[in-house]
Amino acid sequence: MRSVRLDWLAAEAMTELPLEARAAVRDLLAETAGRPDWWPASGGEEFAEVFGPSCWIVFVAHRDGIEVRDVGWLD
């Protein structure tokens, strides 16, 4: 798996999620990190969004992985 780094906003949002939501977001992060074909152009300039059944992430790509800028959970 490539590296996954959480921006301060995403890290803060993760701490406020219920355990079930955190697990769903972690699964989506792992899936996204393993699918570079889903990533925007590397360099951190372009954002991308990926949606799971009950959560989503907003991220930028770097050569070695992704940096997650925000996460969300549909309650």
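Figured I'd write up the structure that's included with this text. Quantities reported herein were computed from a predicted structural model and do not represent experimental measurements. (Residues numbered from 1 in each chain as written. Predicted model: local features only at pLDDT ≥ 70, side-chain atom pairs only at ≥ 80, totals over all residues. Heavy atoms only, no water.)

**Digging into the side chain of Thr32**
As for its position among the elements, Thr32 is in helix H2 (residues 19-33). According to the relative accessible area criterion, Thr32 is buried, its value standing at 0%. With residues near it in sequence (within four places) discarded, Thr32 still touches Trp38, Trp39, Val50, Ile57, Phe59 and Ile66. (Helix = DSSP H or I, 4+ residues; strand = E, 2+ residues; numbered from the N terminus. Buried < 20%, exposed > 50% of the residue type's maximum accessible area, 1.4 Å probe, protein only. Contact = heavy atoms within 4.5 Å.)

**Some details on H2**
Over its 15 residues, H2 extends 21 Å from the first C-alpha to the last, a length consistent with the 21 Å expected when each residue adds 1.5 Å. Within H2, burial applies to Ala21, Ala24, Val25, Leu28, Leu29, Thr32 and Ala33. The buried residues of H2 occupy an angular sector of 165° when projected down its axis, which confines them to one face. Set apart from the buried face of H2 by more than 90 degrees, the exposed residues are Leu19, Glu20 and Asp27. On the buried face of H2, the contacting elements are strand S1 (3-6), helix H1 (8-16), strand S2 (48-51), strand S3 (55-62) and strand S4 (65-73). (Expected span 1.5 Å × (residues − 1). Arc of directions from axis to C-beta.)

**Looking at the sheet that holds S3**
If you trace the 4 strands from one edge of the open sheet to the other, you get S1-S4-S3-S2, paired in mixed fashion. Looking at strand neighbours, the two that pair on one side only are S1 and S2, the edges of this open sheet. In this sheet, adjacent strand axes meet at a mean angle of 35° when their direction is disregarded. As judged from the 4 bridges shared by S2 and S3, these two strands associate in the antiparallel manner. Each bridged residue has a counterpart across the sheet, and for Ala48 the counterpart in S3 is Phe59. Sheet strands touched by H2: S1, S2, S3 and S4. Its angle to S3, the strand with the most contacts, is close to 35°. (Pairing = 2+ DSSP bridges. Axes fitted to C-alpha atoms, helices over the stretch in contact; angles between N-to-C directions.)

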